[in-house]
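The residues making up each chain are set out below.
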Amino acid sequence: MVKPINDGPKINFEKKTVSAMIDIYYKQFKDEAHQEERSDVLSYAMARLNYCRFGEEKPTCKICPVHCYQKKYQDQMKVIMRYSGPRMLLYHPIMSVEHMLKEWRYKG
Ligand code: SF4
């Protein structure tokens, strides 16, 4: 049986947040190679979220005990998050605060 794609409100909010962070990072590059890299990392991250084993109960990926990302993408996302994290407060303050609260909640 095919596993259904995660499509609940929390995971959809996370998809929007991660997409926004990837967009902020790649906005600084105009060349084709970076734009291809952007599409690749975005599809990878969306696929991870679509099939995340925790579904609506997932923690943020940063504090996840499983870390389902391949090493290459994990490293790439670390660079993206480091750059975009502080800028999210400017571009998407509500998403940014929600994301931080989620992290705090799970760290408990
Ligand atoms: S890293 Fe963890 S929380 Fe993130 S998608 Fe993978 S399993 Fe889910």
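One structure accompanies this document, and this report is about it. (Residues numbered from 1 in each chain as written. Predicted model: local features only at pLDDT ≥ 70, side-chain atom pairs only at ≥ 80, totals over all residues. Heavy atoms only, no water.)

1. Section: the site of the ligand
Taken together, the neighbourhood of the ligand is formed by Arg48, Cys52, Phe54, Lys58, Pro59, Cys61, Cys64, His67 and Cys68. Partitioned by chemical class, the residues of the shell around the ligand number six nonpolar, one polar and two charged. (Near = heavy atom within 4 Å. Nonpolar A, V, L, I, M, F, W, Y, C, P; charged D, E, K, R; others polar.)

2. A short note on the environment of isoleucine 22
Take isoleucine 22: it is sitting in helix α1 (residues 9–26). The class for isoleucine 22 is buried, based on a relative accessible area of 0%. As for isoleucine 22 and methionine 77, which are separated by 55 residues in sequence, their C-alpha atoms are 8.4 Å apart. Ignoring any residue separated from it by four or fewer positions in sequence, one finds isoleucine 22 in contact with Arg38, Val41, Leu42, Ala45, Met77 and Ile80. (Helix = DSSP H or I, 4+ residues; strand = E, 2+ residues; numbered from the N terminus. Buried < 20%, exposed > 50% of the residue type's maximum accessible area, 1.4 Å probe, protein only. Contact = heavy atoms within 4.5 Å.)

3. Notes on the packing of α1 against helix α3 (residues 71–91)
Two numbers describe how α1 lies on α3: the axes approach to 8 Å, and their chain directions differ by 95°. The angle between α1 and α3 falls in the class roughly perpendicular. Across the interface between the two elements, Thr17, Val18, Ala20, Met21, Ile22, Ile24, Tyr25 and Tyr26 from α1 touch Gln76, Met77, Val79, Ile80, Met81, Tyr83, Ser84, Gly85, Arg87, Met88 and Tyr91 from α3. Residue classes in the contact of α1 with α3 are distributed as 14 nonpolar, four polar and one charged. (Axes fitted to C-alpha atoms, helices over the stretch in contact; angles between N-to-C directions. Parallel < 35°, antiparallel > 145°, perpendicular 65-115°, else oblique.)

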